[in-house]
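# A closer look at the structure
The primary structure of each chain is shown beneath.
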Amino acid sequence: MAAITAAMVGELRAKTDAPMMECKKALTEAEGNMERAEEILRVKLGSKASKAASRVTAEGVVASVVSGHVGALIEVNCETDFVTKNDDFLSFVNACAKLVAEHNPADVAALAALPLGGSTVETVRAALIGKIGENMSIRRFQRFETASKLTSYLHGTRIGVVVEFDAADEQVGKDVAMHIAAMKPVSLSADQVPAELIEKERSVATLKAAESGKPADIVTKIVEGSVQKFLKEVSLLNQTFVKNDKQTVEQMLKSVDASIKSFTMYVVGEGIEKKQDDFAAEVAAQVAAAKQA
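Below or above, wherever it landed, is the structure these notes cover. Model, not experiment: these values are computed from the prediction.

Turning next to the pairing of strand S7 (residues 159-166). In terms of residue burial, S7 counts as a mostly covered element, since 7 of its 8 residues are buried. As paired strands, strand S6 (residues 149-155) and S7 are joined by 7 bridges and run antiparallel to one another. Looking at S7, one finds that His-155 is bridged to Ile-159. In terms of strand pairing, S7 meets strand S8 (residues 259-267) through 8 bridges, oriented antiparallel. By the bridge assignment, Val-162 is partnered in S8 with Thr-264.

Here it is in structure tokens:
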């Protein structure tokens, strides 16, 4: 059997970018045959990707790209926060954002089929899963193309905002994007707040007001007041501007003859149910199983 040297492992790693121990195992199985070892790695990495596919991806990063009047915002998820700092993963996410802006794919499946680095987005994703050992998924993206101006703001890699606006000063758009990341409005104006959110707030306010024991007409007024307060708090134009608490966002925009056409905000993992591991219960179960054995 051929001796597996460090140089051989290094060469295979350079060719495949696979983990070093995987390269050594593949070379051992292939008895030193480099081509055969590459084939073995492809099979193993693909297998890893398949096994990882069922695992929840609630961590991840948001990336954006804006070039002139075209832009994109994308969220790509992984299993742990550790991977969000991996250079290969970050490069993949940024490349996907650029592809969205340039090619305007209809959906995630269309994006996955686009060419990337001599392969496809899906092939690169699967290879990354095999290399890093965690599931990864392109969750969502949005492309922007407008006659107005575009700007983006990233708060780290977990919150991303793209704003479509009209203003003589580019800083206005940037300030609003930062405000959105901080205050997280759900809509541009009060009349755009989703009906289900309003009904949920009305239900909570009704229950609270009913406990006061006040007359029905007073309760009705209390509930309506609570709902109106909620609408102001969650609609961008009605929020107090973070850089000047004497103005609402709408007042600030009017003072500089600017307007916001639309905005999109992504928060990593928003709406994804994370798996909650009960470590104590897991240890107790292992001890119980050991006793039974």
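Read on, since the account is not over.
Another aspect to go through is the pattern of salt bridges. Applying the stated rule across the entire model yields 15 salt bridges. Among the ionic pairs, Lys-229 bridges to Glu-233, the shortest N-O distance being 2.6 Å. Of this pair, Lys-229 and Glu-233 both sit in helix H9 (residues 216-234), 4 residues apart, which is roughly one turn of the helix. Between Asp-245 and Lys-246 there is a salt bridge; the shortest N-O distance is 3.4 Å. Judged on exposure class, the residue Asp-245 and its partner Lys-246 are both exposed. Residues participating in the shared-partner salt-bridge network are Glu-75, Arg-139, Arg-140 and Glu-270.

Another aspect to go through is the sheet that holds S7. In a beta sheet, neighbouring strands are held together by backbone hydrogen bonds and run either parallel or antiparallel to one another. Pairing in this open sheet of 3 strands is antiparallel, and the strands run S6-S7-S8 from one edge to the other. What marks the edges here is a single partner per strand, and that holds for S6 and S8. Going across the sheet, the axis of each strand differs from the next one's by a mean of 15°, ignoring polarity. Set on the sheet, helix H7 (residues 170-183) makes contact with S6, S7 and S8; between it and S7 the angle comes to about 140°.

Okay, the nonpolar core next. Grouped together as the largest cluster of nonpolar side chains are 25 residues, with contacts concentrated most on Ile-74, Phe-89, Phe-92, Leu-111, Val-121 and Ile-138. Listed by contribution, the elements that provide at least two residues to this core are strand S1 (59-67), strand S2 (70-78), helix H4 (87-103), helix H6 (121-132) and strand S5 (136-145). It is H4 that contributes the most residues to this core, 8 residues altogether. Excluding residues within four positions of it along the chain, Ile-74 makes contact with Val-61, Val-62, Ala-63, Val-93, Cys-96, Ala-97, Val-100, Leu-111, Ile-138, Arg-140, Phe-141 and Tyr-266. Counting 22 residues, the second-largest nonpolar core is a separate cluster that includes Phe-165, Val-176, Val-249 and Val-267.

Turning our attention to unusual backbone geometry. At Glu-31, a residue that is not glycine, the phi angle is positive and equals roughly 55°. The residue Glu-31 is located in the loop between helix H2 (20-29) and helix H3 (34-52) in this model.

With respect to the helices, strands and loops of the structure, Val-124 is situated in helix H6. Look at Val-124 and you get partly exposed, because its relative accessible area is 24%. Distance from Val-124 to Phe-92, taken between C-alpha atoms, is 8.0 Å for residues 32 residues apart in sequence. Other than its neighbours up to four places away in sequence, Val-124 contacts Phe-92, Leu-116 and Ser-119.

Turning to the packing of H4 against H6, a few remarks are in order. Contact pair H4 / H6: the axes reach a minimum separation of 11 Å and the direction vectors enclose 165°. Our classification of the angle between H4 and H6 gives roughly antiparallel. Relative to H6, the crossing made by H4 is left-handed. Residues Asp-88, Phe-89, Phe-92, Cys-96 and Leu-99 of H4 lie in contact with H6, whose contacting residues are Val-121, Val-124, Arg-125, Leu-128 and Lys-131. When grouped by side-chain class, the residues that make up the contact of H4 with H6 number 7 nonpolar, no polar and 3 charged.

We now examine the sheet that holds S2. Read from one edge of the open sheet, 3 strands run S1-S2-S5, paired in antiparallel fashion. Pairing within the sheet leaves two strands with one partner each, and these edge strands are S1 and S5. Looking at each pair of strands side by side, their axes are set apart by 10° on average, direction ignored. Relative to S5, S2 is paired through 9 bridges, and the arrangement is antiparallel. Looking at the pairing, Cys-78 lines up with Met-136 of S5. Across the face of the sheet, H4 comes into contact with S1, S2 and S5 while running at roughly 145° to S2.

Rules used in this analysis
Residues numbered from 1 in each chain as written. Predicted model: local features only at pLDDT ≥ 70, side-chain atom pairs only at ≥ 80, totals over all residues. Heavy atoms only, no water. Buried < 20%, exposed > 50% of the residue type's maximum accessible area, 1.4 Å probe, protein only. Helix = DSSP H or I, 4+ residues; strand = E, 2+ residues; numbered from the N terminus. Pairing = 2+ DSSP bridges. Salt bridge = Lys/Arg side-chain N within 4 Å of Asp/Glu carboxyl O. Axes fitted to C-alpha atoms, helices over the stretch in contact; angles between N-to-C directions. Contact = heavy atoms within 4.5 Å. Core = buried A, V, L, I, M, F, W, Y, C linked by side-chain atoms within 4.5 Å. Parallel < 35°, antiparallel > 145°, perpendicular 65-115°, else oblique. Left-handed = near helix turned anticlockwise from the far one by under 90°. Nonpolar A, V, L, I, M, F, W, Y, C, P; charged D, E, K, R; others polar.

Worth remembering: the numbers are spatial, not functional.
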